[in-house]
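If you want the building blocks of each chain, they are given just below.
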Protein chains: 2
Amino acid sequence: MRPGIMPAVHTMPTSDSQHLYAVIMAGGGGTRLWPASRRRRAKQFLALGTAGGRSLLGATVHRMRSVCDLDRTLVVAAASQVPDVQAALPELPAANLLAEPCGRNTAPCIGFAAEALFARDPAAVLAVLPADHHIANEAAFADVVTQVLALAGAEDRIVTLGVRPTRPETGYGYIRTSAAPTHGIAYDVEAFVEKPDGVTARRYLESGRYLWNSGMFFFTAARIRAELRRHLPDMTAAFDAIGAACAGGGDATPVVARVYPGLRAISIDYGVMEKADGILVAPAEFGWNDVGSWTALSAISEHDADGNVTVGETLLRRAHDNVVVTESGQLVSVVGADGLVVVVTRDAILVCPKDHAQEVRDVVAELERRGLDRYL
Amino acid sequence: MRPGIMPAVHTMPTSDSQHLYAVIMAGGGGTRLWPASRRRRAKQFLALGTAGGRSLLGATVHRMRSVCDLDRTLVVAAASQVPDVQAALPELPAANLLAEPCGRNTAPCIGFAAEALFARDPAAVLAVLPADHHIANEAAFADVVTQVLALAGAEDRIVTLGVRPTRPETGYGYIRTSAAPTHGIAYDVEAFVEKPDGVTARRYLESGRYLWNSGMFFFTAARIRAELRRHLPDMTAAFDAIGAACAGGGDATPVVARVYPGLRAISIDYGVMEKADGILVAPAEFGWNDVGSWTALSAISEHDADGNVTVGETLLRRAHDNVVVTESGQLVSVVGADGLVVVVTRDAILVCPKDHAQEVRDVVAELERRGLDRYL
């Protein structure tokens, strides 16, 4: 690229867009949305704050449709979640559903997808997206994604999206940026930093130089293959074996089944991003929410005049700022209560004040301790 | 009775006890225990604070067993509730279940039972008891009931039980008593007074001369027949017709079906007790509770170390002083919340702070307004 000239991201030729792929990471578990989320029904398969009853996974695929269609959308999920993925995305081509025989966190997941896509299209440019995030402004999202995909392709760099902090959140990793943008909307990444303590988080917030790590990454298949091999050399043989099995449209399932269990579970952030050079980050100005707790649902959903968010049949009286979700068919009536989370599923019910929503994980731990696996 | 001599209530001859009957009024409806209580499943059919899974009705019959057995126990209920009564009391003789074709409050109910029993035994002495109260000390209850039945029989007077007020309750009627007992444990009733306002209730409480009207009455069949005819003369023809139909063990059903709808709905308190002379009242010192709201359940049930009352499968963490009832089979987890009522039934769920428990009736009214009859 010529110095001082912006990449022509909005006028990318059609031929280039044929190399754009979405990789949706749908293998996660998580307990913070219990009892709706379970071992056997992860958050990404729930309709939380989404339109038209779509699951978070379905919404993630749907909002990428202007960038790439289902033929160029890959979903990586646990083998045990394959039926859930098929139910959420009945039109996804079977070859585009990559099943992990066991969870090994995001670095192996992305490596698997990169091998599969590189075998299919050595010029592939990937948008790697978690399946369980909520995006408020889908048009703005598509616009940013189009720009950063073009940037990743044109510069052959890793690009990520960072969310402007609105609070001293200690639950996210942060990205320190250059003082000013260096590539269009994108900044240079100075560092990926791990989840901070409260004091540090406040300093990050006040400095104006930190963004939340959104977990969305953009790169060519060739670039991430190289970075994975450089920073995680112990996995190279496994990735090579998967790539060889995928070549020529082959079925990699037996190879994956053989090599995957031997991979370390490690995140792409820790395994690659914290070590790689030349990463760019673009601000994600489109209303991002990782739906990390029941209170998050309150932030992304429509409220009634009293500040209540309700899903399913409810009857509230003198009740304010509650989140009431019933998917069991039961009518839920909340009377004279404020700031509660009430979640009703077929076999389990949660009632807790919003400011205790993080303690849901304690319930899950207690259920495990008591051996009440049927509720997990 | 000789002046100055107490009636020998504890040495009543066995022959007399053959004339003692329990009349359990099980026809009530009520909405304050929604969603557990419904139009089709009234409070008396629920197991609330009772031992061994017994319904309140079953417990009412059971605690009378030392006074009179099932052969001498009559249950009066709405025709629509007959299956519920049969389920709660499978051993109740069919002839002892009196079905009201429509609800007409307690005066017609007691009149119906008095006619039926007088036809069976002109010397009958009746204990008339609501089916939906909780009694903590059953031995003390049986002792008091034995005494007041003997008094009602020996004196041919109406005797009632009054509960010593513990708070300025505005939800109950009150009974003003003589300054001292006049007949063993019993006082003369100076007046039945209707539900007071808060200021008046406080005055009653402080005076020491008022008891709560428990709704439990004791009299001979002959006495109440005469009092009903005297104070409710418009019902005399109907009672006469029912009595004639019951004579000789006849089936009164057709006559009841014909005359009952024409009776006024009026309570025994308003129709007879406020007007009759010579009524006695004995203090009910046996832990009485009318289970009039979900908070009442808290008062009559065992608490855990954190003050929680739980029924069904629950998991509470950092939760205090809650009432959590699940009869749906669903696990209910309450986290970080205090003083809540959480009631889970098959098709409806209530969440409200204890101090809003009286507003449950507003929910029921709202369900009616919305035409959601299936939840009523």
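Residues numbered from 1 in each chain as written. Chains lettered and ligands numbered in written order. Predicted model: local features only at pLDDT ≥ 70, side-chain atom pairs only at ≥ 80, totals over all residues.

**Observations concerning the overall build of chain A**
Within chain A, the secondary structure is distributed over 12 helices and 17 strands. Computed over the C-alpha atoms, the radius of gyration of chain A is 21 Å, within 12% of the 21 Å expected from 2.2 N^0.38 for a compact globule of 376 residues. Out of the 376 residues belonging to chain A, those deemed buried represent 50%. Sequence-distant contacts in chain A: of pairs separated by 6 or more residues, those separated by 24 or more amount to 64%. (Helix = DSSP H or I, 4+ residues; strand = E, 2+ residues; numbered from the N terminus. Rg over C-alpha atoms; globule rule 2.2 N^0.38 Å. Buried ≥ 20, exposed ≤ 12 C-beta atoms within 10 Å, placed from the backbone. Contact = placed C-beta atoms within 7 Å.)

**Some remarks on the pairing of strand β3 (residues 97-100) of chain B**
All names here are of chain B. Only one face of β3 is covered, namely the face carrying Leu98 and Glu100; the face carrying Leu97 and Ala99 is uncovered. Inspection of the sheet shows strand β2 (residues 73-78) paired to β3 by four bridges, in the parallel sense. Its bridge partner lying in β3, Val76 is registered against Leu98. Handedness of the crossover is the feature at issue here: the chain leaves β2, passes through helix α3 (residues 82-88), returns alongside β3, and the resulting connection is right-handed. (Pairing = 2+ DSSP bridges. Right-handed = clockwise from strand over helix to strand, strands pointing away.)

**A few points about the environment of Ser214 of chain A**
Residue and element names in this part refer to chain A. Looking at the secondary structure, you find Ser214 in strand β9 (residues 210-220). Residue class for Ser214 comes out buried when judged on the 22 C-beta atoms lying within 10 Å of it. Sequence separation between Ser214 and His183 is 31 residues, and the spatial gap between their C-alpha atoms is 19 Å. Filtering out sequence-adjacent residues up to four positions away, Ser214 remains in contact with Leu161, Gly162, Val163, Ala284 and Trp288.

**Some details on the nonpolar core**
Note that soluble globular proteins tend to have their nonpolar side chains buried in a common cluster. Ranked by internal contacts, the top residues of the largest apolar core, which has 258 residues, are Leu126 of chain A together with Leu126 of chain B. For Leu126 of chain A, the contacting residues outside a window of four places in its chain are Tyr21, Val23, Ala114, Leu117, Phe218, Phe219, Ala221 and Ile224 of chain A. (Core = buried A, V, L, I, M, F, W, Y, C linked by C-beta atoms within 7 Å.)

**Examining the relation of the copies chain A and chain B**
Superposing the two chain copies requires a rotation about an axis and a translation along that axis. Rotating chain A by 179° about the axis while translating it 0.0 Å along that axis superimposes it on chain B, leaving an RMSD of 0.1 Å. Put plainly, the chains are arranged around a two-fold axis. Considering only C-alpha atoms, the part of chain A nearest the rotation axis is Val351 of chain A, at 4.1 Å. When the interface residues of chain A are mapped onto chain B, 97% of them are again interface residues, pointing to one common binding face. (Least-squares fit on C-alpha atoms with pLDDT ≥ 70 in both.)

**Brief notes about the domain arrangement of chain A**
Residues and elements named next belong to chain A. Entries for chain A in the domain assignment read domain 1 (9-289) and domain 2 (294-375). Counting residues at the interface gives 11 residues for domain 1 and 17 residues for domain 2. Within the side of domain 1 that touches domain 2, the residues separate by chemical class into six nonpolar, four polar and one charged. (Domains from an automatic or database assignment. Nonpolar A, V, L, I, M, F, W, Y, C, P; charged D, E, K, R; others polar.)

**Description of the interface of chain A and chain B**
Taken residue by residue, the interface counts 29 residues in chain A and 28 residues in chain B. Among the residues making up the side of chain A that touches chain B, the classes are represented as 19 nonpolar, four polar and six charged. Examined bridge by bridge, strand β15 (residues 331-335) of chain A and strand β17 (residues 348-353) of chain B share four bridges and lie parallel to one another. In the strand pairing of β17 of chain B, Val332 of chain A is matched with Ile349 of chain B.

**Things to note about the pairing of strand β2 (residues 73-78) of chain A**
Of all six residues in β2 of chain A, five are buried; the element is thus mostly enclosed. This β-α-β element, strand β1 (residues 20-25) of chain A to helix α2 (residues 56-63) of chain A to β2 of chain A, shows right-handed connectivity.

**Points about the sheet that holds strand β13 (residues 314-317) of chain B**
Spatially, six strands are ordered β12(A)-β14(A)-β16(A)-β17(A)-β15(B)-β13(B) in an open sheet, and the strand pairing comes out mixed. Each edge of the open sheet is held by one strand with a lone partner, namely β12 (309-311) of chain A together with β13 of chain B. Neighbour-to-neighbour, the strand axes of the sheet open up by a mean angle of 5°, direction not taken into account. Here four bridges tie β13 of chain B to strand β15 (residues 331-335) of chain B, and the two strands are oriented parallel to one another. Counted as the bridge partner of Thr314 of chain B is Val332 of chain B from β15 of chain B. (Axes fitted to C-alpha atoms, helices over the stretch in contact; angles between N-to-C directions.)

**A short note on helix α5 (residues 138-155) of chain A**
Residue and element names in this part refer to chain A. Its 18 residues give α5 an end-to-end C-alpha distance of 25 Å, which sits within 8% of 26 Å, the value for a rise of 1.5 Å per residue. Along α5, the residues classified as buried are Phe141, Val144, Val145, Gln147, Val148, Leu149, Ala150, Leu151, Ala152 and Gly153. At the C-terminal side of α5, Asp156 shows a positive phi close to 50°. (Expected span 1.5 Å × (residues − 1).)

**Section: the packing of helix α4 (residues 106-120) of chain A against helix α7 (residues 221-231) of chain A**
Residue and element names in this part refer to chain A. Their axes nearest at 9 Å, the elements α4 and α7 cross at an angle of 135°. With respect to α7, the element α4 is oriented oblique. The hand of the α4/α7 crossing is left-handed. For the pair formed by α4 and α7, the contact residues are Ala107, Ile110, Gly111, Ala114, Leu117 and Phe118 on the first element and Ala221, Ala222, Ile224, Arg225 and Leu228 on the second. Classifying every residue of the contact of α4 with α7 gives nine nonpolar, one polar and one charged. (Parallel < 35°, antiparallel > 145°, perpendicular 65-115°, else oblique. Left-handed = near helix turned anticlockwise from the far one by under 90°.)

**With respect to the sheet that holds strand β13 (residues 314-317) of chain A**
Strand order across the open sheet formed by six strands is β13(A)-β15(A)-β17(B)-β16(B)-β14(B)-β12(B), with mixed pairing between neighbours. At either margin of the open sheet sits one strand with a lone partner, and together these are β13 of chain A together with β12 (309-311) of chain B. Geometrically, the sheet is characterised by an average inter-axis angle of 5° between neighbouring strands, direction not taken into account. Of the strand pairs in this sheet, strand β16 (residues 340-344) of chain B and β17 of chain B are connected by five bridges, and their pairing is antiparallel. Within the sheet, the bridge partner assigned to Val344 of chain B lies in β17 of chain B and is Ile349 of chain B.

**Comments concerning the environment of Glu190 of chain B**
Take Glu190 of chain B: it is sitting in strand β8 (residues 187-193). Sequence separation of Glu190 of chain B and Leu97 of chain B is 93 residues, and the distance between their C-alpha atoms is 35 Å.

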